[in-house]
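Reading the structure
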Amino acid sequence: MATEKCSFFDSTDEDIREYAAEEFAEYFGSVIGNGIFNGGTSLQVYADGTGQSVCVRPGRAWINGYYYALISDSMGTDKEIALEAADASNDRIDAVVLRLDTSVAARRIALYVIKGTAAASPT
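Residues numbered from 1 in each chain as written. Predicted model: local features only at pLDDT ≥ 70, side-chain atom pairs only at ≥ 80, totals over all residues. Heavy atoms only, no water.

**Thoughts on the pattern of salt bridges**
Counting across every chain of the model gives five salt bridges. Its salt-bridge partner being E84, residue K115 comes within 2.9 Å of it at the nearest N-O pair. Here K115, found in the segment after β8 (108-114), pairs with E84, found in the loop between β6 (79-82) and β7 (95-101); they are 31 residues apart in sequence, far enough to count as distant. (Salt bridge = Lys/Arg side-chain N within 4 Å of Asp/Glu carboxyl O. Helix = DSSP H or I, 4+ residues; strand = E, 2+ residues; numbered from the N terminus.)

Here is the structure:
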């Protein structure tokens, strides 16, 4: 049997309305798609060619209705992410991703590096 659901009404003294974060995420996820806001350089990953790291520019994103923002510090610097040392003889392709973790212990979206597999012709 179908169930009706409605949300986000004000509370009254007689009828307290409280909503869980997942209910807000369900709503936002139904009207806002997953991805990076405004494209361009938002959350752009780049390397300056020195050291064993990449940087991520400020930006905003949504994943399944949950919001993420990377905001530069007062100096206007981007977020630096360290990479593991390269293989001595083979190339490797790493991916920088946003990962949503709704577990009670984490409850966050964060940048992560997915380390690729070193190979003569990495994919």
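On we go.
**Details of the sheet that holds strand β3 (residues 53-56)**
Each strand in a sheet pairs with another by means of backbone hydrogen bonds, the pair being arranged parallel or else antiparallel. Taking strand neighbours across the sheet as the criterion, the three strands line up as β2-β3-β6 in an open arrangement whose pairing is antiparallel. At either end of the open sheet lies a strand with only one pairing partner, and these are β2 (45-46) and β6. Taken together, the two bridges between β2 and β3 define a ladder with antiparallel strand orientation. Note on β3: the bridge partner recorded for Y46 is C55. (Pairing = 2+ DSSP bridges.)

**Observations concerning the nonpolar core**
Counting residues in hydrophobic clusters, the biggest one holds 10 residues: L43, V54, V56, A61, I63, Y68, L70, I81, I109 and L111. Residue assignment for this core shows that the elements contributing at least two residues are β3, β4 (59-63), β5 (66-70) and β8. Discounting residues that sit within four places of it in the chain, I63 has contacts with N34, L98, L100 and I109. (Core = buried A, V, L, I, M, F, W, Y, C linked by side-chain atoms within 4.5 Å. Buried < 20%, exposed > 50% of the residue type's maximum accessible area, 1.4 Å probe, protein only. Contact = heavy atoms within 4.5 Å.)

**Quick word on the environment of V96**
The topology assignment puts V96 in strand β7. Here the alpha-carbon distance between V96 and S42, two residues 54 residues apart in the chain, equals 14 Å. Excluding anything up to four places from it in sequence, V96 contacts V45, V54, V56, I81, L111, Y112 and V113.

**As for the sheet that holds β4**
Taken in spatial order, the three strands of this open sheet run β1-β4-β5, and their pairing is antiparallel. Two strands bound the open sheet, and with one partner strand each, they are β1 (35-36) and β5. Across two bridges, β1 lies against β4 in antiparallel orientation. Considered in β4, the bridge of G35 is made with W62.

Read these as geometric descriptors, not functional statements.
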